Amino acid sequence: MLEGFLGIDVGSVTTKLALIDKNDDVIWSTYRKTKGQPIRVLQSALRDLSRALNPVILGLGTTGSGRRLASYLAGADIVKNEITAHAVASIETVPEVRTIMEIGGQDSKLIIIRDGVVIDFSMNTVCAAGTGSFLEHQASRLGLSVEELGGYAISSTKPTRIAGRCTVFAESDMVHKQQMGHEIEDIVSGLCDALCRNYLSNLARGKELRDPVIFQGGVAANEGIKSSFERELNKEIIIPEHFNIMGAIGAAMLARELSPKETRFRGFSIAHQQLTTSSFYCNDCHNSCGIIEIRDGENIIARWGDSCSKWSAEFEKVSN
Amino acid sequence: MKSIKRIGIPRGLLYHRYGDIWKELLKSMGFEVITSPGTTESIRDIGLSLSVCDLCMPIKVFLGHVNVLKDSVDAVFIPRYISIEQGAYMCPKFIGLPDMVRAAIRNIPPVIDPVMNLKTGTIMDFVTELNKKLHFKTPDKDEQLRILGLPVKRDYFFGEGKITVVVTGRPYLVFDNIMNKGAIRYINSLGVRAFYFIPDLFSTEKTMDSLPKWVYWSMGKEVVTSVRSMLDNHDICGIINLVNSACGPDSFLVELITRSFDLGKKPYMAITIDEHTSDVGLQTRIEAFMDMTLKRKPLNAWGGGK
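What counts as what
- Residues numbered from 1 in each chain as written.
- Chains lettered and ligands numbered in written order.
- Predicted model: local features only at pLDDT ≥ 70, side-chain atom pairs only at ≥ 80, totals over all residues.
- Heavy atoms only, no water.
- Contact = heavy atoms within 4.5 Å.
- Salt bridge = Lys/Arg side-chain N within 4 Å of Asp/Glu carboxyl O.
- Polar contact = N/O pair within 3.5 Å; in protein donor to acceptor, adjacent residues only side chain to side chain.
- Helix = DSSP H or I, 4+ residues; strand = E, 2+ residues; numbered from the N terminus.
- Patch = residues over 30% accessible without salt bridge, like charges linked within 9 Å, V, L, I, M, F, W, Y side chains within 5 Å.
- Areas by Shrake-Rupley, 256 points an atom, 1.4 Å probe, with all protein chains shown as cover.
- Buried < 20%, exposed > 50% of the residue type's maximum accessible area, 1.4 Å probe, protein only.
- Pairing = 2+ DSSP bridges.
- Domains from an automatic or database assignment.
- Buried area = accessible area lost by both parts, 1.4 Å probe.
- Nonpolar A, V, L, I, M, F, W, Y, C, P; charged D, E, K, R; others polar.

Once that is clear, we can look at the interface of chain B and chain A. Each partner contributes residues to the interface: chain B has 26 residues there, and chain A has 23 residues. Note that Arg 205 of chain A and Glu 255 of chain B form a salt bridge whose closest N and O atoms lie 3.2 Å from each other. In this assembly, chain B and chain A are joined by 11 residue pairs in polar contact (both at pLDDT 80 or more). Taken together, the elements giving at least two residues each to the side of chain B that touches chain A come down to helix 2 (41-50), helix 9 (183-189), strand 11 (268-273) and helix 13 (280-296) of chain B.

In this section: a nonpolar patch on the surface. Residues and elements named next belong to chain A. A grouping of Leu 2, Ile 27 and Leu 53 is seen on the molecular surface, where their side chains present a nonpolar patch of about 190 Å² in accessible area. If you trace the backbone, Ile 27 turns up in strand 3 (residues 26-33). Given the relative accessible area of 32%, Ile 27 is considered partly exposed.

Looking now at the sheet that holds strand 2 (residues 32-35) of chain B. Residues and elements named next belong to chain B. Read across the open sheet, the 4 strands follow the order 2-1-3-5; overall the sheet is parallel. In this open sheet, the two edge strands, each paired with only one partner strand, are strand 2 and strand 5 (111-112). By the bridge criterion, 2 bridges tie strand 3 (residues 75-77) to strand 5 in an arrangement that is parallel. Note that in strand 5 the partner of Phe 77 across the bridge is Ile 112.

The next thing to look at is the environment of Ile 178 of chain B. Structurally, Ile 178 of chain B can be placed in the loop between helix 8 (171-174) and helix 9. You can call Ile 178 of chain B buried: its relative accessible area is 11%. Counting along the chain gives 27 residues from Ile 178 of chain B to Pro 151 of chain B, while the straight-line C-alpha distance between them is 27 Å. Apart from residues lying up to four places away in sequence, Ile 178 of chain B is in contact with Asn 287 of chain A together with Thr 39, Thr 40, Glu 41 and Arg 44 of chain B.

Here the focus is the domain arrangement of chain B. Residues and elements named next belong to chain B. For chain B, the assigned domains are domain 1 (6-148) and domain 2 (155-300). Using C-alpha coordinates to define each centre, domain 1 is positioned 27 Å away from domain 2. The partner domain 2 presents 22 residues to the 23 residues of domain 1 that form the contact. Of the roughly 2,000 Å² buried where domain 1 meets domain 2, counting both sides, 61% is carbon and sulfur surface. When the buried surface of domain 1 facing domain 2 is broken down by residue, His 16, Arg 17 and Met 57 rank first, second and third, together holding 32% of it. Applying the counting rule to domain 1 against domain 2 returns 2 salt bridges. Across the contact surface, domain 1 and domain 2 share 7 residue pairs in polar contact (both at pLDDT 80 or more). When residues of the side of domain 1 that touches domain 2 are assigned to their parent elements, the largest contribution, 4 residues, is made by helix 3 (residues 57-69). A per-class count over the side of domain 1 that touches domain 2 returns 14 nonpolar, 3 polar and 6 charged.

Structure (structure tokens):
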């Protein structure tokens, strides 16, 4: 019987699962769009995993902005933030790594590593400009899929200068450049440069980016961005084999490190349950907390969101 | 004009520094004082709806507090703090606060807005103007001055824990759980104690002298000095600077801190807080910061590490 540790990374745009064995090798993985329905996507991913390999799960780790949801749903042994999860996976993949750049759907991160330890990090502040959502939006406006952008970008020899400070400005800038007659390849390439400048000026300001530099997250699929970074930093950028599921791999590794005697994973049966979520505002005090429930049919299986634990007390708390 | 018996104090902004003094001052003059409750989601939402978009969130929420009070008081106390010390100013949004309140909120009772400007005037000017605006004919000015001179509490610990992080930032972020999105509670929930303090004059001057030029804003000086002085404190394992997204002064100061100090000495993070209602991003950053802090421990000198 196949055994392994499972990592689930529920991000804002995509959901990633990775199953690793005891040697941290990836046995199975999936990367799919969350489409605003994290529970359904997670269920279908788990169904696919159980059909493909039907493995014995020895431990489950969750990460990503939906890590709590995933944990309530699937029963995690460890729930970890994305920074730590990404760092763990990268250090395992490239032990001498000193800089990790990660750009996902709505987050971008920069993690500085020395001697295998995170010593500094930064994340984008309150704005999602310069992340995957931004690229995707611009791609669709140009009538391209986000996967096509990279090819267009690297075929350009004279990138158009695009303002990348803000999505709204970039968009109007691109419209003007199109109207002036710039070619689409040059505009796309300019867009990649803009995103890269935006990332560096927001996250890397005042930080020393030393080799080796790893670039991961969904946006690393875009060769245009990679070459923009290489030009801008004048460094070689390493894109790991599993660049788009590193968070999930990290979560799985954390579960493997923990190696619980008995996992809290609820089993693959949860993939077949009729799960629904609902939410309401508790108006018992002025805080008006938003309470969220997951139900299996009529049964409430998880509830959270209250600051006083009046609603969540009867349900299991998951530690970090 | 209706005679003033009951005065309301909005629980926002400088209330979190001088509220107790203001209450005692007004009570000593025989007024009944009521304050708005601690910020709630509904106070915040009302404040946001009353505001123009350029304001920072603390000012917006302040409007919500005024709105809660306005129908149950004869006057609202919103002193105009221009300068609380020689050589430094408050943020312009504090200076214009009473006017913004009057412009934003309809049917508001009289706003009592004596000027505190120690750059050009004295505390006595403040007292004189206060008495005049309240038509208070029998002041005990010595008593009023005594109350205004009372010390404010300078050291605060939040929660329990074996390790301690310093939380810096404006008091109206630090002491308001809705404004800081439960950041301090969240730090505590990870088993970490939080410490907030107002630096003393000596370390403030020392820090300012080490910079190319003194910081212009009083509360900004505190933040910068707090970070600087804690970088060398071995009992502190990390520094979290709470910053409001639209804060003009902080947009300079965060940069100043990054450029001027050796932040490699100790884990430091600035967290920008905005009007997002979800706190997931904030929790991610705090968790990651604590993970980093604990792993970094043996590499650094603090806490008697190896």
